[in-house]
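In case you want the letters, here they are:
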Amino acid sequence: MTLAGRRLAVIHTGGTIASRPDPGGPGLTPQQAPAVPGLPGVTVTAHQPFRLPSPHVTPEHMLRLARLIERLAPDADGIVVTHGTDTLEETAFFLHLALATDTPVLLTGSMRHAEEVSWDGPGNLLDAAHVALHPDSRGRGPLVVFGGDLFDARTVTKVHTSAVDAFGGYPGPIGRIDRTGETAHLRFFARPEARPVYAPARLGARVEILYAYAGWQGEGYEGAAARADGLVIAALGTGNLPAELLPLVAASAGAGQPVVIATRTHAGPILPVYGYPGGGATLVAAGAIPASFLNAHKARLLLLLLLSLGHGLEEIRGVFGAGEF
Ligand code: ASP
């Protein structure tokens, strides 16, 4: 397929893909956006709304990015976003929830910086460009491409701190791109489910995450509940907690504060199975909201958007319950 005449918008946001070792500092810092490697006949425009290591990216940056993509989409055949890998899955999921466009949006990054022999940035960027410009990519929502694998923004997660194949997630890639010379071979295996769009004008809520562990007696819970509009707990297994948490969760839910139960396990749903105090069935009976298959940091973003749209406890329960994300 010839790419000549197509229009690609590339949005650089920072991360290792744009980083160099800082001569005056202790490590890597985002300095220079990488150029898109050869794409004959393609008109490429570059944009840089911010240049940050991704641990500095906030939901407000994600909202700015969503607005920029909405502005660029009508005049682009495809959009690529380069991003630090540490929070890439959060930005991808935020865009998945907040963007309405059919224009392909591909997020990628790199695990090695430009001065390493095995810099993976140019290859990932070229893969992302090819997928973004391919007609089969339209209408699938934002996707992540890394090491040739294509992931649904809803399920993708960073699975390794240093390996080049750093992304995965249950149930795995939904497509694959390989290149031979100038030819790209793209295959999709699945189409992400349609979902509603949640696009508040501004983010007006505070959502905090608590992480469960053996022996947790609820330390930190009351402070977080007092500060936040909603809570997400990375709970145990199918969504269980120590007994001490049951009255705390019940008090929040009784006061109308959403408490979403996700799992710290790496895959699988939240299920109301166990009836011992703090077991998943007792938490749900007390008013907690199961996060379905979302990990805690993605559940947090969904809850943040729903609260920012003014949704109440029962509407939020409905969205998570029906899997409308
Ligand atoms: N710490 C970097 C970041 O997320 C890691 C990376 O980009 O791979 O900005």
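On a predicted model such as this, the values are computed, not experimentally measured, just so you know. (Residues numbered from 1 in each chain as written. Predicted model: local features only at pLDDT ≥ 70, side-chain atom pairs only at ≥ 80, totals over all residues. Heavy atoms only, no water.)

(A) Structural view of the site of the ligand. Near the ligand, the surroundings consist of Gly 15, Thr 16, Pro 53, Ser 54, Pro 55, Gly 84, Thr 85, Asp 86 and Ser 110. One nitrogen or oxygen atom from the main chain of Thr 16 is found 2.9 Å from an oxygen atom belonging to the ligand. Thr 85 has a polar side-chain atom sitting 2.5 Å from an oxygen atom of the ligand. Look at the ligand: alone it shows 260 Å² of surface, and the protein chains cover 84% of it. In the shell around the ligand, the residues fall into two nonpolar, six polar and one charged. (Near = heavy atom within 4 Å. Polar contact = N/O pair within 3.5 Å; in protein donor to acceptor, adjacent residues only side chain to side chain. Areas by Shrake-Rupley, 256 points an atom, 1.4 Å probe, with all protein chains shown as cover. Nonpolar A, V, L, I, M, F, W, Y, C, P; charged D, E, K, R; others polar.)

(B) Fine view of the pairing of strand S12 (residues 183-188). One ladder, built from six bridges, connects strand S11 (residues 175-180) with S12; its direction is antiparallel. Within the sheet, the bridge partner assigned to Arg 179 lies in S12 and is Ala 184. In sequence, S11 turns back onto S12 through a hairpin of two residues, with Gly 181 there showing a positive phi of about 60°. (Pairing = 2+ DSSP bridges. Helix = DSSP H or I, 4+ residues; strand = E, 2+ residues; numbered from the N terminus.)

(C) View of the sheet that holds S12. The mixed open sheet is built from eight strands, whose spatial order is S4-S1-S5-S6-S7-S8-S11-S12. Strands at the two margins of the open sheet, each flanked by one partner only, are strand S4 (43-47) and S12. If you compare each strand with its neighbour and ignore which way they point, the axes differ by 25° on average. One ladder, built from five bridges, connects strand S1 (residues 7-12) with S4; its direction is parallel. Residue pairing across strands places Ala 9 opposite Thr 45, the latter belonging to S4. Against the sheet, helix H1 (residues 59-72) makes contact with S1, S4, strand S5 (78-82) and strand S6 (105-108), and its axis sits at roughly 165° relative to S1, the strand it touches most. Relative to S6, helix H2 (residues 88-98) is tilted by about 170°, and along the sheet it contacts S6, strand S7 (143-146) and strand S8 (149-152). (Axes fitted to C-alpha atoms, helices over the stretch in contact; angles between N-to-C directions. Contact = heavy atoms within 4.5 Å.)

(D) Structural detail: the UniProt feature "active site" (unreviewed entry) in the chain. Look at the UniProt record and you will see "active site" (unreviewed entry) annotated at Thr 16 and Thr 85. Despite a sequence span of 70 residues, these residues sit close together in the fold, their greatest C-alpha distance being 7.6 Å. By the secondary structure assignment, Thr 16 is in the loop between S1 and strand S2 (19-21). On the basis of relative accessible area, Thr 16 is assigned to the partly exposed category, the value being 21%. In this structure, Thr 16 is in contact with Leu 28, Gly 84, Ser 110, Met 111, Arg 112 and His 113, ignoring residues within four places of it in sequence. (UniProt positions renumbered as here; feature names shortened; annotations may be inferred. Buried < 20%, exposed > 50% of the residue type's maximum accessible area, 1.4 Å probe, protein only.)

(E) Main features of the UniProt feature "domain: L-asparaginase N-terminal" (unreviewed entry) in the chain. As recorded in UniProt, the sites labelled "domain: L-asparaginase N-terminal" (unreviewed entry) are residues 7-178. Structurally, residues 7-178 comprises 22% helix and 24% strand, and the distance from its first C-alpha atom to its last is 21 Å.

(F) How the structure looks around the side chain of Asn 295. Locating Asn 295 in the fold gives a position in the loop between strand S16 (289-290) and helix H7 (296-308). Of the polar contacts made by the side chain of Asn 295, one reaches the side chain of His 297; its length is 3.2 Å. A polar contact is formed between the side chain of Asn 295 and the backbone nitrogen of Lys 298, at a distance of 2.8 Å. Those residues in contact with Asn 295 that lie beyond four places of it in its chain are Glu 89, Thr 157 and Ala 262.

(G) Representation of the pattern of salt bridges. Taken as a whole and judged by the stated rule, the model has ten salt bridges. Between Arg 176 and Asp 178 there is a salt bridge, with the nearest N and O atoms lying 3.0 Å from each other. For Asp 178, a relative accessible area of 36% corresponds to the partly exposed category. Through salt bridges with shared partners, a single network forms among Asp 149, Arg 176 and Asp 178. (Salt bridge = Lys/Arg side-chain N within 4 Å of Asp/Glu carboxyl O.)

(H) Representation of a nonpolar patch on the surface in the model. On the surface, a cluster of nonpolar side chains totalling about 370 Å² of accessible area is made up of Leu 271, Val 273, Tyr 274 and Tyr 276. Assignment of secondary structure puts Leu 271 in the loop between strand S15 (259-263) and helix H6 (280-285). (Patch = residues over 30% accessible without salt bridge, like charges linked within 9 Å, V, L, I, M, F, W, Y side chains within 5 Å.)

(I) Representation of the sheet that holds strand S13 (residues 207-211). Strand order in the open sheet formed by four strands is S13-S14-S15-S16, with parallel pairing between adjacent strands. A strand with exactly one partner marks an edge of an open sheet, and here the two such strands are S13 and S16. As paired elements, S15 and S16 share two bridges and run parallel to each other. Pairing of Ile 261 across the sheet is with Pro 290, part of S16.

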